[in-house]
Amino acid sequence: MNIRRLTDHTGAEAVGIDLTRPVTPEAKAALNRAFVEYSVLVVRDQTLNPQQVLNAVELFGSVFHQHNTRFAIPACPQIHYISNQDRFPDGSRYIPGEGWHTDHSNDTKPPKATVLHAVTLPDRGGDTQFANMAAAYAALPATTRDRIANLMAIHVYQSSHSSRKLIGLSDANKERVPNAVLHPIVRTHPENGRKSIFINPIRIEGIVGLDHREALPLLDELLEHATREEFQYRHEWRPGDLVMWDNRCLLHKANGDYDMEQTRYLYRVMLQGDVPR
Ligand code: SIN
């Protein structure tokens, strides 16, 4: 197996490993190190069914139970799917993940990682963009770092301030998903110790102690800074890619910029994380 960096701040690709076969302890440790160091880990040339995806991700942690079970694959419900073929109740097309976000931050312990495995890709487009929140934090002016140091944000399933709408939860799902949780706006990565901006435009309803007139422009300012191109890695999908990213220190977004007559379908699974601190 070879692991190569994809940019100087985010992303590495592993080639020469088959995740359907037993992985040595050394290879497992190298993959985990690369994930923590580079935040996006791309394992090339895999052909995995849902059960094999599940086995592969257990190299990195335990499965997190996703909030909206509507997207679960019946034969293997811990694996969900991402597809451009789903529709909102009004018939309009639903492109999951459009708009910058980090996954399930409305959980008390948001998933440390999300993993996608490409099953069917459009001929072109449909890239996933990532923005490195640790690099963005390091580049903040000291005055902004001081201003946000102790702020706590209120995360909900669907922020009323977000123009991007999610498909709603069933009543059963609503019962097990917290109504609202508080997380720091600056969090420290539990494995590499780096500080990151931890925001999420689709989930943050407000900031504790700040009026919306102050909180919303601050969140906009942080988002604009953090998603500057210099902090980004843009993943152009190749058949066989398994891509895993670190939700503790990245924002990501899907792009619905391709021919919608073509199917984009990927398996999706998340891994358990910690309480952000
Ligand atoms: C997601 O936000 O989890 C999906 C990203 C993608 O489809 O590229």
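In this report, we go over the structure that sits alongside the text. (Residues numbered from 1 in each chain as written. Predicted model: local features only at pLDDT ≥ 70, side-chain atom pairs only at ≥ 80, totals over all residues. Heavy atoms only, no water.)

**Here's the deal with the pairing of strand E7 (residues 113–120)**
Consecutive side chains of a regular strand alternate in pointing toward one face of the sheet and then the other. Of all eight residues that make up E7, six are buried, and the element is covered over most of its length. Across five bridges, E7 lies against strand E15 (residues 242–246) in antiparallel orientation. Within the sheet, the bridge partner assigned to Leu116 lies in E15 and is Val243. Pairing of E7 with strand E17 (residues 265–271), which is carried by seven bridges, proceeds in the antiparallel orientation. Bridge assignment links Val115 to a residue of E17, and that residue is Val269. (Buried < 20%, exposed > 50% of the residue type's maximum accessible area, 1.4 Å probe, protein only. Helix = DSSP H or I, 4+ residues; strand = E, 2+ residues; numbered from the N terminus. Pairing = 2+ DSSP bridges.)

**Quick notes on the sheet that holds strand E10 (residues 181–184)**
The antiparallel open sheet is built from three strands, whose spatial order is E10-E9-E13. Each of the sheet's edge strands pairs with one partner strand only, and the pair in question is E10 and strand E13 (204–207). Within this sheet the neighbouring strands show an average axis-to-axis angle of 35°, counted without direction. For strand E9 (residues 152–155) and E10, the ladder comprises four bridges, and the chain directions are antiparallel. Residue pairing for E10: Ala153 is matched across the bridge by His183. (Axes fitted to C-alpha atoms, helices over the stretch in contact; angles between N-to-C directions.)

**Examining helix H1 (residues 25–38)**
Across its 14 residues, H1 extends 20 Å between first and last C-alpha, which sits within 8% of the 20 Å expected from 1.5 Å per residue. Here H1 has its buried residues at Ala27, Ala30, Leu31, Ala34, Phe35, Val36 and Tyr38. For H1, the secondary structure elements touched by its buried residues are strand E1 (2–5), strand E2 (12–15), strand E3 (40–43), E7 and E15. Count one or two residues on from H1 and you reach Ser39, which has phi positive near 70°. (Expected span 1.5 Å × (residues − 1). Contact = heavy atoms within 4.5 Å.)

**Structural notes on the site of the ligand**
As a structural note, the neighbourhood of the ligand is formed by Ile82, Gly97, His101, Asp103, Leu116, Thr128, Trp245, His252, Ala254, Arg264 and Arg268. At 2.9 Å, a side-chain N or O of His101 approaches an oxygen atom of the ligand. A distance of 2.5 Å separates an oxygen atom of the ligand from a polar side-chain atom of Thr128. Classifying every residue of the shell around the ligand gives four nonpolar, four polar and three charged. (Near = heavy atom within 4 Å. Polar contact = N/O pair within 3.5 Å; in protein donor to acceptor, adjacent residues only side chain to side chain. Nonpolar A, V, L, I, M, F, W, Y, C, P; charged D, E, K, R; others polar.)

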